[in-house]
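Structure at a glance
Listed below, chain by chain, are the residues.
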Amino acid sequence: MPSTMADAVAEIESTLDTGIATIKGLIPMIWVQSKTSPVQFLVGGVAVLLSYLLLTISPPHDPSEPPLIKPRFPVIGHLFGLLNHQVNYFSELFTRHHLPIATLPIGNQKLYVIFDAPLQQAALKAKDMDAQSFMVDFVPRIFGVKQGTVDKLLGKDGVHPNIMGDMEQVFKSALSGDNLQKLASTTLGTMADTLNDVDSKKGTKIPNMFLWLQSLLSRSTSKALWGEKHNPFKDHQVIDAQWDFESHLGPLVLGVLPSIVARRAYLARNKVQSALLSYFSARHYETDPSTSYFIRARTRLLKKYDLPDDELAKNEVAITLVATTNVLSTLFWCIAEIWTRPDLLQQIRAEALLAVFGNSQKALSGEDMGTRTITIPATGLDAKCPLLASCFRESIRLASQIVTARRVLKDTMLTDPVSGNSYMLKADTNVMMPAKVVHRNTAVWGADAEGFNPRRFMWEELGPKVERQRKAAFVPFGGGKHMCPGRHFAFTENLALMAALAIGFEIEGLDRSKLKMGDSKRGETAKPLPGLEGGEVVLKKRKGWEGVEWKFSC
């Protein structure tokens, strides 16, 4: 009997090798049997042929390609590993093999996986590594848009140009200058209203901190994007449907009988799409002046591609989802890590007070602040509150488990900028780049890489060499021309909210023993496990700060 998991796996591998040899040995016996029983010959021959193919089939592998990692169970072992362990399977492979890049054979196909941060950066900048190919495959399945719509947008219909260049300009304009300021002001304005609504004596009882933040981010972000008067997410049932869709969309990727196989996600998606269809049909994006530049410009561009309102509604389900999903988890984990460490909270509170009030002795001494308005300047907090910023980046590092995907358009030689080693990537092969592997690499982040270290991103304490190494290995936003365009907006709003919470509020009851990070299922940021979101808490105004009205400036 095997004594360890490793022994058990070795025993299975040995059995499989013996099985192949046995099957080869059966062939002469079946030939002899064919002379006395044609039926037994046929059955036995088919069984041997299928078994032999199952155990030996594999895609061709060129020596110049990344090193081959054979599956422990032939042919489908890696597929089972990915289905069973999801993004953690990449971490398991790296722990076992410690390769910078590898080839995984899956059936008669193969997959390249890049585990090394410098190589990931090189791949993200490579011109012959394409991200759009995955849109063709998955957008119709996940969002229900027609294949013809995707073909139009990507310029594959022979009529329209590829929309991506113009869309990048929309993002660039929307997330800079006055347009960005308006987005941030509206988002933070809604957050300020929520803080000001906290009862001065009793506080606000919050049964589930994660769900409370989910609602806060959804309301504030959707109002900033879609406008105040006709915001399709003003109805909380639509917000709930959006998150229900996000949590259960996995089976939609199969593209088979979605109303049955992925019924919960399918119904939730329909509810969100129905709300968006009403919005677009009434042309609220044109008539409501509070609608963001981003929604107006994006919709006008999509309309140039002759998208009917129902297809537009299906396509735009992603907007609010993308703007809130990753932000929610990282904000939650940052708050959880800070507010369950009293000494750290005191340091961040002192840092935030100094950033907002300068040397004001009244604010710094803890005297009663009376009835007054306090404005948190959202811009510049990264530099003024380096410990808070470090905590937020550290929360992103641990929670971000994205898997960036690319498809090789033509044979490409990828060179590691550090080691100088080169690898041939074959055309039409998919490439996966798991962030969790590089974010937990002890060679980069230290022996405590699996845990939360509030000072891990305090660059002045670490020196330029460590700073360069860690910045290269920090990949939560993707890279190259497809890097997340909203990363600076998210960083600004989150630091401002946490600064206000640190200065003027207590979060009572947050229980560290009731907090546990789950594993990502599809490469999204990691959520807390159900029932382990920190327990019931009370958000209360700090003593001496009960009469303060909170505002944010951008």
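Since we're looking at a predicted model, the values are computed, not measured. (Residues numbered from 1 in each chain as written. Predicted model: local features only at pLDDT ≥ 70, side-chain atom pairs only at ≥ 80, totals over all residues. Heavy atoms only, no water.)

Let us now look at the packing of aromatic side chains. Applying the stated criterion across every chain yields a total of 18 aromatic pairs. Consider the rings of Trp226 and Phe233, whose centres lie 6.3 Å apart with planes at 40 degrees: the pair is tilted. You can call Trp226 buried: its relative accessible area is 0%. Following the ring pairs from residue to residue traces out a cluster consisting of Trp226, Phe233, Tyr279, Phe280 and Tyr285. Positioned above the aromatic ring of Trp445 is the side chain of Arg397, whose terminal nitrogen or guanidinium carbon lies 5.4 Å from the ring centre. (Phe/Tyr/Trp six-rings, centres within 6.5 Å; stacked < 30°, edge-to-face > 60°. Buried < 20%, exposed > 50% of the residue type's maximum accessible area, 1.4 Å probe, protein only. Lys NZ or Arg CZ within 6 Å of the ring centre and 35° of its normal.)

In spatial order, the strands read E4-E13-E10; together these three strands make up an open sheet with antiparallel pairing. Strands at the two margins of the open sheet, each flanked by one partner only, are strand E4 (204–206) and strand E10 (505–508). Each adjacent strand pair in this sheet contributes to an overall mean axis angle of 20 degrees, direction not counted. (Pairing = 2+ DSSP bridges. Helix = DSSP H or I, 4+ residues; strand = E, 2+ residues; numbered from the N terminus. Axes fitted to C-alpha atoms, helices over the stretch in contact; angles between N-to-C directions.)

As a further point, take the side chain of Thr325. For Thr325, the location among the structural elements is in helix H17 (residues 317–339). For Thr325, a relative accessible area of 11% corresponds to the buried category. Within the structure, Thr325 has its side chain in polar contact with the backbone oxygen of Leu321 (distance 2.6 Å). (Polar contact = N/O pair within 3.5 Å; in protein donor to acceptor, adjacent residues only side chain to side chain.)

This paragraph deals with the state of the cysteines. Covalently bonding the sulfur atom of one cysteine to the sulfur atom of another cysteine gives a disulfide. For the coordinates displayed, the defined rule picks out zero disulfides. The structure places no disulfide on Cys334, whose sulfur is separated from the nearest cysteine sulfur, that of Cys391, by 5.6 Å. Residue Cys391 is classed as buried on the basis of its relative accessible area, which comes to 0%. (Disulfide = S-S within 2.5 Å.)

Attention now goes to the pattern of salt bridges. By the definition in use, this model includes 20 salt bridges. Note that Glu286 and Arg300 form a salt bridge whose closest N and O atoms lie 3.0 Å from each other. In this pair, Glu286 sits in helix H14 (residues 284–287) while Arg300 sits in helix H15 (residues 293–303), placing the two residues 14 residues apart along the sequence. By relative accessible area, which is 33% here, Glu286 ends up partly exposed. (Salt bridge = Lys/Arg side-chain N within 4 Å of Asp/Glu carboxyl O.)

Glancing now at the packing of helix H8 (residues 164–174) against H15. Put simply, H8 and H15 touch, their axes get as near as 9 Å, and they point 165 degrees apart. On the basis of the axis angle, H8 is roughly antiparallel to H15. Seen along the crossing, H8 lies across H15 with a hand that is right-handed. Where H8 abuts H15, its residues Asp166, Met167, Val170, Phe171, Ser173 and Ala174 lie against Tyr293, Phe294, Ala297, Arg298, Leu301 and Leu302. A per-class count over the contact of H8 with H15 returns nine nonpolar, one polar and two charged. (Parallel < 35°, antiparallel > 145°, perpendicular 65-115°, else oblique. Left-handed = near helix turned anticlockwise from the far one by under 90°. Contact = heavy atoms within 4.5 Å. Nonpolar A, V, L, I, M, F, W, Y, C, P; charged D, E, K, R; others polar.)

The next thing to look at is the pairing of strand E2 (residues 109–114). Of all the six residues making up E2, five are buried; the element is thus mostly covered by neighbouring parts of the structure. Where strand E1 (residues 101–106) lies against E2, six bridges are found, and the strand directions are antiparallel. Within the sheet, the bridge partner assigned to Ile101 lies in E2 and is Ile114. The pairing of E2 with strand E9 (residues 430–434) spans three bridges and is parallel. Paired with Tyr112 across the bridge in E9 is Val431.

Below, the discussion takes up the environment of Gln86. On the secondary structure map, Gln86 appears in the loop between helix H3 (77–85) and helix H4 (88–97). By relative accessible area, which is 30% here, Gln86 ends up partly exposed. Remark: the alpha-carbon pair of Gln86 and Arg522, spanning 436 residues in sequence, is separated by 7.2 Å. When sequence neighbours within four positions are dropped, the list of residues in contact with Gln86 reads Gly81, Ser520 and Lys521.

Once that is clear, we can look at the sheet that holds E1. Taken in spatial order, the five strands of this open sheet run E1-E2-E9-E6-E3, and their pairing is mixed. Lying at the two open borders of the sheet, with one neighbouring strand each, are E1 and strand E3 (129–130). Sheet topology note: the E3/strand E6 (residues 403–408) ladder contains two bridges and is antiparallel. What sits directly across from Met129, in E6, is Val408. Its contacts with the sheet put helix H5 (residues 117–125) on E1, E2, E3, E6 and E9, and the angle it makes with E9 is roughly 135 degrees.

Let us look at unusual backbone geometry. Here the phi dihedral of Gln86 falls at roughly 55 degrees; this positive angle occurs in a residue that is not glycine. A positive phi angle, near 60 degrees, is found at Asp306, a position not held by glycine. Inspection of the secondary structure puts Asp306 in the loop between H15 and helix H16 (309–315).

In this fold, Lys540 is placed in strand E13 (residues 537–541). Separated by 39 residues in the primary sequence, Lys540 and Leu501 have C-alpha atoms spaced 9.7 Å apart. Leave out the neighbours within four places in its chain, and Lys540 touches Val198, Lys201, Lys202, Gly203, Gly504, Phe505, Glu506 and Glu508.

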